[in-house]
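For reference, the chains in residue letters:
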Amino acid sequence: MQIQLRNVVPDFIELEKRKNSNVWAQNIIIHKGEHLHIVAPSGSGKTSLIHFLYGLRTDYDGTIFYDDTDIKKLSTESFSSFRQHKISIIFQDLQLFDDLTAKENIEIKRILDPFHEPGVIEEMAKKLGIGTKLNQLVKTCSYGEKQRIAIIRSLMQPFDFLLLDEPYSHLDEVNRKRAMNLIYEECEKRNAAMVFVDLKPLDFLKGEKIIYL
Amino acid sequence: MALSYKKIEPLIISGKNIFSKWFGYFGLGIGVLLLLVSLQMFINIQQLLKENSPRKSGYDFISISKTITNENMGQDNRFTNADLINLKKQPGIDGAAPLISNQFRVKATAGDIVPFNTDLFLESIDNDFIDTLPPGFTWQPGQVMVPIILSSDFLEIYNVFAPAQGLPQLSAKTISSVNIILECSGPLGMQNFKGNIIALSDRINSLLVPKTFMNWSNLRFSGDTAVRASRVYIKTKDANDPKLISYLDQQNYHLNKDKVKFSRIKSILQNIVSALGVFGILVIMLALMLFSFYLQLMIAKSKDNLRLLLTLGYSPKWLAKSVAKTWLPVYLFIIIIALIITEAFHLWFLQFSFVSNANLSYFLHWSVWLTAILLLGLTVFINSRLVKKELNRIM
């Protein structure tokens, strides 16, 4: 699978920002296994781009293709299939169920199309330093802990593309590195592409193609 | 591995709003029960009254005569051939037959067993109109024995006054052994015949003889062959047809309402149970509406959770199906309970019904079962449609 952006321009973007962008109104193809790091200041449309790619919003001109399929033409039912097997995401606002425990949140994603056995949840949680938080209700966790829960949840399924929207904003450097290593490891297992958006280039990223939005 | 709905159920179904949920269940139960009971009772009444009504091959037979008023009193109020032709032309009337009476004098004596002596009248009608027609109800010239069909009402009247007159009371069976001597006389001569009652009629209040005998004897004793009848029987599919009744009223025809009482009773009872059934349907509709409000409210409350599940990749079709399926066991339970109570009502009806009838089954009629299954299908279908619609709205 590959994702292609053809002349994609958000409806709300100003002409000035559009002119200086390396993404808007450009032709970009993202292949499997590729690591793409998109950098931009606040308000440039980073989250919008991730939402466009995941099919949550359609307020843009141009076309986004999953292989040869224009995703604007996909039904919610077809999207559910892509989201189960082909594309995973870590939202900036995390999108967790507050009234469930950390483990239940992760399990809800895992059972859709299990890539890992249930035991892997504990392993990953330990790696990211939230091993003791699994049975805690999400609403009682800190934002940093929630971010790590969202990261583990995104890695429970098979995928060709992993979309990350400022996933480390509330993590200290040690935890950032741990999380980044886990994500690299999981992407390698699947030979998956990674589309990572953040405010500035991260120093520990290696071999990424950096694009300024 | 099949995806389990159990894990996400708490995200969708909250324990709140239980009042509207239980009220919906209760209403649905009452409505289903009313519908099933009224359907079974409708069928029971239909079957019971079919046995007891004066219907023959699905028709009602009603006797009509011209109304005698002060104005037409003293005139010839008998039906003419033209009257009969007009009657037969009317929509709703499938046949008309006059009761032809004797135009000569008939005197009856019953010999030694029942020592009585009386003037008598005889009538004849088309065989099609007779409810109890035995094979021996025929007569040919030269035959001394004349078969008679007697009105069962007449036998009843006879048994009422017989003891006071010193006459023996007769059962329906013994009446056939009474030999009646019919002395027929008129301007053209006289002759004796032996009358034999071979059947009783619930429909026709008369002493019926075969038409062949009546035609032959009218000609033989009075020389009169014209058809003039005071009473005419009409054959109709529905004796309660307002158009028919209105036509008969216009023509000043008097209707023997007593003979259609079964049709009327049946009609009234069936109207009552039909009304009960319609009420049942209304209650079901209200209950389903109430339940759908509960569903809408529930989905509205769990809107954010449902949206997130869809975002994570849950299939909208699977979600709609799973949510709708949640209530299947409850619906099944409600309908089974309603069927059990309906069966109890049915058994009670069989035990205490005013007419005992061995032909009614102890089990519920198949149409009641079919209705129950259709109701189950309908409730699941409506739920699933509603859930799908609500999910589409939040996507």
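Along chain A, the regular secondary structure elements total 7 helices and 9 strands. Compactness check: chain A gives a C-alpha radius of gyration of 17 Å against a globular reference of 17 Å for 213 residues, within 12% of the reference. Seen along its three principal axes, the alpha-carbon backbone of chain A occupies a region of about 50 × 35 × 30 Å. Taking as baseline every contact in chain A between residues at least 6 positions apart, the subset at least 24 positions apart corresponds to 74%. Accessible surface computed for chain A: about 9,100 Å², of which carbon and sulfur atoms make up 46%. Each charge sign in chain A was given a centre, from 29 positive and 31 negative side chains, and these centres are 2 Å apart.

This brings us to the overall build of chain B. Within chain B, the regular secondary structure consists of 11 helices and 11 strands. Burial status across chain B gives 45% buried among its 395 residues. If you take every contact in chain B between residues at least 6 apart in sequence, the share linking residues at least 24 apart comes to 80%. Accessible area for chain B stands at about 20,800 Å²; split by element, carbon and sulfur atoms hold 62% of it.

The next point concerns a positive patch on the surface. Residue and element names in this part refer to chain B. A grouping of Lys-317, Arg-385, Lys-388 and Lys-389 is seen on the molecular surface, where their side chains present a positively charged patch. If one sorts the elements of the positive patch by residue count, helix 11 (residues 366–394) sits on top with 3 residues. Note that Lys-317 resides in helix 9 (residues 316–325).

Accessible area lost when the parts come together is the quantity often used to give the size of an interface. As assigned here, chain B comprises domain 1 (9–53 + 264–394) and domain 2 (60–236). Between the C-alpha centres of domain 1 of chain B and domain 2 of chain B the distance comes to 57 Å.

Let's shift gears to the side chain of A:Gln157. Residues and elements named next belong to chain A. Along the chain, Gln-157 turns up in the loop between helix 6 (143–154) and strand 7 (161–165). In terms of polar contacts, Gln-157 uses its side chain to reach the backbone carbonyl oxygen of Arg-83, at 3.0 Å. Among the polar contacts made by the side chain of Gln-157, one reaches the main-chain carbonyl oxygen of Ile-87 at a distance of 3.4 Å. If sequence neighbours within four positions are ignored, Gln-157 has contacts with Arg-83, Gln-84, His-85, Lys-86, Ile-87, Ser-88, Lys-109, Asp-113, Phe-115 and Arg-190.

Let's shift gears to the sheet that holds strand 5 (residues 69–70) of chain A. Residues and elements named next belong to chain A. Pairing in this open sheet of 4 strands is antiparallel, and the strands run 2-1-4-5 from one edge to the other. Looking at the sheet topology across the chains shown, the edges are occupied by strand 2 (27–30) and strand 5. Two elements, strand 4 (residues 60–66) and strand 5, share 2 bridges in a ladder whose sense is antiparallel. Note on strand 5: the bridge partner recorded for Tyr-66 is Thr-69.

Here we take up the nonpolar core. Residues A:Ile108, B:Ile8, B:Ile12, B:Met298, B:Leu309, B:Leu319 and B:Trp327 are the most contacted members of the largest nonpolar core, which totals 56 residues. At the level of elements, helix 1 (9–12), helix 2 (18–52), helix 7 (261–301), helix 8 (303–312), helix 9, helix 10 (328–352) and helix 11 of chain B are the ones that each hand at least two residues to this core. With 10 residues, the single largest contributor to this core is helix 2 of chain B. If near-sequence neighbours (up to four positions away) are discounted, B:Met298 is found in contact with B:Ile12, B:Ile13, B:Val323 and B:Trp327.

A few words now on the sheet that holds strand 7 of chain A. All names here are of chain A. With parallel pairing, 5 strands are arranged side by side in an open sheet as 6-7-8-3-9. Two strands bound the open sheet, and with one partner strand each, they are strand 6 (87–90) and strand 9 (209–212). Ignoring strand direction, the axes of neighbouring strands in this sheet form an average angle of 15°. Most of the contacts of helix 6 go to strand 6, to which it runs at about 175°, and overall it touches strand 6 and strand 7. Of the strands in this sheet, strand 3 (35–39), strand 6, strand 7 and strand 8 (193–198) touch helix 7 (residues 173–190), which is tilted by about 150° from strand 8.

Turning to the interface of chain B and chain A, a few remarks are in order. Listed per partner, the contact involves 18 residues of chain B and 19 residues of chain A. Sorting the residues of chain B by area buried against chain A places B:Leu308, B:Thr311 and B:Leu312 first, and these three jointly supply 36% of that buried surface. Where chain B packs against chain A, one counts 1 salt bridge. Between A:Glu107 and B:Lys7 there is a salt bridge, and its shortest N-O distance comes to 3.3 Å. Between the two partners, chain B and chain A, sit 8 residue pairs in polar contact (both at pLDDT 80 or more). Listed by contribution, the elements that provide at least two residues to the side of chain B that touches chain A are helix 8 and helix 9 of chain B. Here the side of chain B that touches chain A gets 6 residues from one element, more than from any other, and that element is helix 8 of chain B. Per-class residue counts for the side of chain B that touches chain A are 11 nonpolar, 5 polar and 2 charged.

Another aspect to go through is helix 3 (residues 81–89) of chain B. Residues and elements named next belong to chain B. Taken as a whole, helix 3 has its buried residues at Asp-83, Leu-84 and Leu-87. Looking straight down helix 3, one finds that the buried residues subtend no more than 95° of arc, so they occupy a single side. Those residues of helix 3 that are exposed and angled more than 90 degrees off the buried face are Ile-85 and Lys-89.

Residues and elements named next belong to chain B. For Ser-201, the position within the fold is in strand 8 (residues 189–201). At 3.0 Å, the side chain of Ser-201 and the backbone nitrogen of Ile-204 are in polar contact. Residues contacting Ser-201, with those up to four places away along its chain left out, are Asp-131, Thr-132, Ile-149, Leu-150, Ser-151 and Ser-152.

Summarising burial for helix 2 (residues 46–54) of chain A: 8 of the 9 residues are buried, a large majority. Within two residues after helix 2 of chain A, A:Gly55 carries a phi angle of roughly 85°, on the positive side.

The rules behind these values
- Every chain is numbered on its own, with residues counted from 1 as its sequence reads.
- Chain letters start at A and ligand numbers start at 1, both assigned in the order the entries are written.
- For this predicted model, a pLDDT threshold of at least 70 governs which residues receive local features, and a threshold of 80 or more governs which side-chain atom pairs are given and counted, while totals over whole chains, interfaces and linings are taken from all residues.
- Water and hydrogen atoms play no part in the side-chain values, which are based on all heavy atoms of the structure.
- A helix here means a DSSP run of H or I that spans at least four residues, while a strand means a run of E at least two residues long, and both kinds are numbered starting from the N terminus.
- Here the globule rule reads 2.2 Å times residues to the power 0.38, and the radius of gyration is calculated from C-alpha atoms.
- The contact definition used throughout considers only heavy atoms, calling two residues in contact when any of these lie within 4.5 Å.
- All accessible areas in this document rest on Shrake-Rupley with a 1.4 Å probe, and a residue is counted as covered only by the protein chains that are shown.
- In this charge count, Lys and Arg are treated as positive and Asp and Glu as negative; neither His nor the chain ends contribute.
- Each charge is placed at NZ for Lys, CZ for Arg, CG for Asp and CD for Glu.
- Burial here depends on accessible area, computed with a 1.4 Å probe over protein chains only, as a share of the maximum for the residue type. Under 20% is buried, over 50% is exposed, and the range in between is partly exposed.
- Nonpolar side chains (Val, Leu, Ile, Met, Phe, Trp, Tyr) within 5 Å and like charges within 9 Å form the patches, drawn only from residues with over 30% relative accessible area and no salt bridge.
- One side-chain nitrogen of Lys or Arg within 4 Å of one carboxyl oxygen of Asp or Glu is enough to make a salt bridge.
- Domain ranges listed in this record stem from an automatic or a database domain assignment.
- In protein, a polar contact means a hydrogen-donor-capable atom and an acceptor-capable atom, both N or O and within 3.5 Å, with residues adjacent in sequence counting only if both atoms are side-chain atoms; elsewhere, any N or O pair within 3.5 Å suffices.
- When DSSP finds two or more bridges between a pair of strands, those strands are recorded as paired.
- For the purposes of this section, nonpolar cores are sets of buried Ala, Val, Leu, Ile, Met, Phe, Trp, Tyr and Cys residues that join through side-chain atoms within 4.5 Å.
- Note on definitions: angles span 0 to 180 degrees between N-to-C directions of axes, and those axes are lines fitted to C-alpha atoms, for helices only across the stretch in contact.
- Two parts placed together each lose some accessible area; with a 1.4 Å probe, that loss summed over both constitutes the buried area.
- For this classification, Asp, Glu, Lys and Arg are treated as charged, while Ala, Val, Leu, Ile, Met, Phe, Trp, Tyr, Cys and Pro are nonpolar and the rest, including Gly, are polar.
- Picture the helix axis, draw a direction to every C-beta atom, and the arc is the one those directions span.

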